[in-house]
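Geometric and topological summary
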Amino acid sequence: MDAPPAMPPATLRGRDGEAALIGEVLGAARDGTGGVLLVEGAAGLGKTRLLDESLRIARRLGIAAGRGGARPGPAVIPMGPLLSALFDGPEPLLRRADLETVPEQRYWLLQELQELLERRAAAAPVLVVLDDLQWADPGTIEGLRTLASSLAGHPVVWLVALRSGEAPMALLRAADELAVQGARWLRLAPLGPPAVRAIAEDVLRAAPDAELLTLAARAHGNPFLLHELLLGLAEEDLVHVGGGRAALRTARLPGRVARSMRERLEGMSPEARRAATVAAVLGRAFRFDDLAAMLGVAPAPLLEAVEELVRADILAEDADGLRFRHDLICEAVLDTVPAPARRALDRQAAEVLLRAGALPVEIAARLADSAEAGDAVAAQVLHQAARTLAASDLAAACDFSVKALELVADDAPERVELVKETALLLHLSGRVEAARAFAADAIVHALTPAERAEVALATATMFALPPPLRVEAGQGALALDGVPPGLRALHAAILVLNLVAAGAGREALDAERRAVALVAEAGEPAAARTLEMSRLALDEVAGRYAAMLDRARRFGRLEGSAQDQAVAHALQWFSANALTGLDRLEEALELIGDGIRRTRANRHTLAVPRWELSRGRALLQLGRLSDAEAALEGVLLDGVITVPLPIPPDCAGLLALGRIAVHTGNEQLGQRCAEIARTTLAADRSDGRRQLTWLLALQAMAREDAAGVRSAFALLGPQAAESVLPLLVREPCDEPQLVRAALLAGDERLAHEAVDAAERRAAANPDVAAIVGAAAHARGLRRGDLAELTAAVEALEEAPRPLALASALEDLGRELVAGGDADAGVEALGRALELCARCGATWDARRLRGRLRRLGVRRRIAAAERPERGWEALTGSEHEVVALIANGLTNREAAERLFISPHTVSTHLRHVFAKLGINSRVELARLALQRER
């Protein structure tokens, strides 16, 4: 009896454990708990088949599901696989009509998707399936990482398949982060002999004999290759089936596996061969109409060729058209096409897809590979794609812009604008050396000095760039001849601010004098306003906080409604810093809250997380450590801001988070902060270096590691000659800690300089209690002066900075005990302990208890201490978040009510879940309801 027609397996074989885990996770979703499963395996191991099974399980459990997948090749739709999973299909998870943001606005789109998914999951659990993410664009990877993390408390299950050997580093890092947060790996191994036997029985409808199983073993447990092998054996009548047994007629590989794809195609009609080749150029999935257009034929004559390819198992029907049965087949067909022909076909495919309505970003990559110089259409499409992707994928945008410039004619009117945009994209994407080479070549030859200065101004005012790059751009423009006076004055004015941000305060003062002359000479109002903005930074460096606040307010009134978003943001940021320096921390928080509201309303992507960092710093100064940690962690550790940290305010946020780790004794958090600091120090040459080296020094001080303190300061290099502490965003009470660090390291000169700096700051702010107290504290530490330490405590008691007061009380208590007044010393140490316990500074509290125990005193501040677990462990802010979330609000809605960012809400929820021992919002709502009863 000959073998019957082979049929694909109807049952998933060899993956019982994997299917059971998927069923377990989906079952937990019905109880309100989400999760992430990462399915990893080589091509052909059955990842897609396992995803199919997960959708079947989800349907059986009544769980709504969406599926999307990345594809190999040049399609570059931002976040395409993720959006497809959420919005496509016969019963999409979300409605596109509810989406307000375009994919290019990634930051806002992710927040909107989070809210829509929160609402969807509040009604019923959700499964999001993403296949072949090794080919995913950066937006999809970022979307997976962000949404899976922020939706951890919702009944949303993410099932993600990838080939780790082909995955980009960004995807592997995202997977590692998700694994740390609880995601589980399903690493598919080759199938074992029982599964191979079962699949052979499924395909051949008979039990295979030993010889057949030996041949099947040559597929090495790869389900796809095994299936192809078995189908080939049946097709070529190499198997005899009879009496319920399948036996090999001839022990050889069938042509389906052994022959090359070229031989397979040569066995088909010329029309089918051409159709397969052109289809492979279009991609693994494609539209029938596009294939007809590529071949230059009407659809009807093509039908026979396509049917032939379907019968040969090369193509299959898809919901949206046609697809290759496997990416390996598509790749194999492409390998049969000579390189010159491939480039020509790619160019033709781009034209066809463009005429069919494809977006520039969808065809840009294939044009980048196939277009030649002088191709104006290709240059225009690549230019449009670069502009589209600039907000979501800088690397791709930069590549497309560079390629467009290579294609565009030298005399084309759009060349100048393209040169400007390419220069900026090179900087923004971190290709510093390429940007310099570009400036020395393309910009010099393509632009006039005035146009070159305009390009440099765009770089100098791009505040997301590292300050040294902005300084370099400004100084280069000022060195050019033939720059108009107004433009030269603008450069001179902005250079002052950039030099401060770069950590060169003394150079900034010299630059200010030059800028004053150039601005006066040019009579350019915009340059005068820019210089006034730069002077705000000089005020902060000098600690002239009252003058800084007054200047910002006068500037704001002068600008009025005409000011753009960047100027308004900068004025508000400097004003908040001034209020912080003046001890007006609650006012600063109000202004910061307003900044969060404004930037969210204006969708100022770069500003929102920076405002949250400012909020975290202010909360730390107020002693609200848990709230500060939530604000800072949600931005710095969840990947909202990239590492290395790009600008000094980001470094200031990391310093604040590192301080919290020291105060609370959180070694894991401290280690993560140190890792980010060291990574950033390897690339950073700005004032941010001072923030980061100070963080490392504080950590070394906590360990009483004198060598570590000296090593940290040594990392500053020449910058240490001007200041060890930061020029911008400096905390008013840091000089006493610097004295402490200098004394530990045996650096008398540095201790003396710290006292001098504190006294200069106090002279500039005689009415600010914290600054006056810090100067007295620094003097008291330096000299061991009891009177100065007493004065420091008295001043700091009038300031809103409990941790600074606790530090002064500890030093006063220690000095009192050393001087023989043990009772007064114990009282001071006890007050310090109470303050630290109330703030949640558990490490400081342990240290103080140790001091008191050595004096024979055991002190416990039960009323001030918060337990680690249970409802009583929650902070006031966490209770506020719980109340809103338990009532059904989304993270974004809760954030808007509380004037914080959704990232901070997510962090608060993670902390709440840990304290209550739960992992879902359903459990949180139930516990909250029980508590109310």
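Reading guide: rules and limits
Residues numbered from 1 in each chain as written. Predicted model: local features only at pLDDT ≥ 70, side-chain atom pairs only at ≥ 80, totals over all residues. Heavy atoms only, no water. pLDDT = per-residue confidence, 0-100. Contact = heavy atoms within 4.5 Å. Axes fitted to C-alpha atoms, helices over the stretch in contact; angles between N-to-C directions. Helix = DSSP H or I, 4+ residues; strand = E, 2+ residues; numbered from the N terminus. Parallel < 35°, antiparallel > 145°, perpendicular 65-115°, else oblique. Left-handed = near helix turned anticlockwise from the far one by under 90°. Nonpolar A, V, L, I, M, F, W, Y, C, P; charged D, E, K, R; others polar. Pairing = 2+ DSSP bridges. Salt bridge = Lys/Arg side-chain N within 4 Å of Asp/Glu carboxyl O. Buried < 20%, exposed > 50% of the residue type's maximum accessible area, 1.4 Å probe, protein only.

With respect to the confidence of the model for the protein chain
Chain-level statistics for the protein chain give a pLDDT mean of 88 and a share of 95% at 70 or above. Of the regions scoring below 50 in pLDDT, residues 1-9 engages in 26 contacts with residues more than four places distant in sequence or in other chains.

Comments concerning the packing of helix H43 (residues 876-886) against helix H44 (residues 891-898)
Look at H43 against H44: their axes get within 10 Å of each other, and the N-to-C directions meet at 135 degrees. Here H43 lies oblique to H44, going by the angle between them. Considering only the axes of H43 and H44, their crossing is right-handed. On H44, the residues that touch Glu-880, Val-881, Leu-884 and Ile-885 of H43 are Asn-891, Ala-894, Arg-897 and Leu-898. For the contact of H43 with H44, the class distribution of residues is five nonpolar, one polar and two charged.

Structural notes on the sheet that holds strand S6 (residues 207-208)
Read from one edge to the other, the open sheet built from three strands follows the order S6-S8-S7, with strand pairing classed as mixed. The sheet is open, and its two borders are formed by S6 and strand S7 (239-242), each paired with just one other strand. With two bridges connecting them, S6 and strand S8 (residues 245-248) associate as parallel partners. Looking at S8, one finds that Pro-208 is bridged to Ala-246.

Overview of the pattern of salt bridges
Summed over all chains, the structure comprises 59 salt bridges. Among the ionic pairs, Arg-49 bridges to Glu-53, the shortest N-O distance being 4.0 Å. Taken together, the residues span about one helical turn, with Arg-49 and Glu-53 both in helix H2 (residues 47-61) at a distance of four residues. The exposure class of Arg-49 is partly exposed, given its relative accessible area of 28%. You can call Glu-53 buried: its relative accessible area is 11%.

What to know about the sheet that holds strand S2 (residues 64-69)
Here five strands make up an open sheet; going across it, the order is S2-S3-S4-S1-S5 and the pairing parallel. For this open sheet the edge positions go to S2 and strand S5 (184-187), each flanked by a neighbour on one side alone. Neighbouring strand axes in the sheet, compared pairwise and without regard to direction, differ in orientation by 15 degrees on average. Set on the sheet, helix H5 (residues 138-150) makes contact with strand S1 (35-40), strand S3 (126-131) and strand S4 (156-162); between it and S4 the angle comes to about 150 degrees.

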